[in-house]
Amino acid sequence: MSLWVDKYRPKTLSQLSYHDSITQSLRALSKSGDFPHLLVYGPSGSGKKTRIYCTLNEIFGSQVEKLKIDVKTFVTSSNRKLEFNVLSSPYHLEITPSDMGNNDRVVIQDLLKDVASTEQVDFSNQSSSKTKHRFKIVIINEADSLSRDAQAALRRTMEKYSSNIRLILVCNTISNIISPIKSRTLLVRIPSPSIGNINSILNNISQKESIKFSSTNEQELTNLFNHISIESNRNLRRALLSFETICMQNETINLKSTNLSLINLDWEIIIKNLSIQIKNNRNVATLAKIRVVLYELLSHCIPARTILKTLLMDLIDQFNNDSIIQELVELASIFNERLSLGSKSIFHLEGFVAKSMVVIDNYS
């Protein structure tokens, strides 16, 4: 039994139901004889990976769905051995080099060089239009988290092995991508689906799963879907998970109920509580307690930038004073830059908290 987010994930471009202009552009690229390097970016839950895999299906056929996980071993300059997981099919690889921290450059140089130095040949069906491409595609997740050295190595790989390899970089924002990589890739922005798009998808799934509702009133049903879409911040993946949670908890969904539980992630609740503490108790003791909580969040693999952004948005919700909000945003931008320049995230997160307390005190 699979989750609905996987069960109803489109596998071909023709199954995609929103952002038709982007879909048509990707279809044209897949049919062209010269598929470029791509830089696909957009907010979480907008469907970036889904569109990428639909495009791969358009180029190579259903073989890209036959995935396996390989464990590669790399040796750093200090003779330290690193193990790295690679998700692959006969036609593509999917990697997340940023998982290796400052050693991401080693993965980029060794793995991509190994893949790119071998020409892709398919003897199974040479007459098929979907096997005429003699290149392998490498999907690089979290490209905006790559170090500068890794991005420089990536640029050289793109230039040297462009005949045998195509790169698809995936990230939420391109602000941390160096200009030489941007200039060598085709930028494809995937916006969040609209509330209407999400409502249509949720309605379609409810019909396929024969979900029972307490009423057949279309307006009440639309209100439910609107509530899910807004609370999930137009994140389609989260909206589907929330809707499935509601359906599993209620045999018949009461459309007039206001207590339908949506997904509340633990780390989001924790950060929300931090913002309340910062507003109400601005002292050294509170800062020491917050430091411990920040360490816990980082140790549970919540990215520092995600913590900073979420904390900023929660703090903004706490105040109606435009001056405080403006100063908090300016502080967040400063410490966001420092996160990319420094190596110890906790210092910069704690610095943002301390500075925020000072700003709030100044207007109290």
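What counts and how
- Per chain, residues are indexed from 1 in the order of the written sequence.
- In keeping with the predicted nature of the model, local features appear solely for residues at pLDDT of at least 70, side-chain atom pairs appear and are counted solely at 80 or more, and the whole-chain, interface and lining totals rest on all residues.
- Processing note: side-chain calculations cover all non-hydrogen atoms of the structure and skip hydrogens and water entirely.
- Here a helix means four or more residues in a row that DSSP labels H or I, a strand means two or more in a row labelled E, and each is numbered from the N terminus.
- Each residue gets one of three labels from its accessible area relative to the maximum for its type: buried under 20%, exposed over 50%, partly exposed in between, using a 1.4 Å probe on protein chains only.
- It only takes one pair of heavy atoms within 4.5 Å for two residues to be counted as in contact.
- Between any two strands, at least two bridges found by DSSP are needed for them to pair.

- The protein has the name RFC5 in an unreviewed UniProt entry, where [Candida] subhashii is given as its organism.

Some words on the side chain of Ser192
- Counting through the fold element by element, Ser192 comes out in the loop between strand 7 (186–189) and helix 7 (195–208).
- Note on Ser192: relative accessible area 13%, which makes it buried.
- For Ser192, the contacting residues outside a window of four places in its chain are His19, Pro43, Ser46 and Arg234.

What to know about the environment of Ser147
- By the secondary structure assignment, Ser147 is in the loop between strand 5 (136–140) and helix 5 (148–160).
- Taking the C-alpha atoms as reference points, Ser147 and Ser98, separated by 49 residues in sequence, lie 7.8 Å from one another.

What to know about the pairing of strand 3 (residues 81–88)
- Of the two faces of strand 3, only the one carrying Leu82, Phe84, Val86 and Ser88 is buried; Lys81, Glu83, Asn85 and Leu87 on the other face are not.
- Judged from the eight bridges that link them, strand 2 (residues 68–75) and strand 3 form a sheet pairing that is antiparallel. Bridging from a neighbouring strand, Thr73 pairs with Glu83 of strand 3.
- Note that strand 3 and strand 4 (residues 92–95) share two bridges and pair antiparallel. Within the sheet, the bridge partner assigned to Leu87 lies in strand 4 and is Glu94.
- Counted along the chain from strand 3 to the antiparallel partner strand 4, the turn is three residues long.

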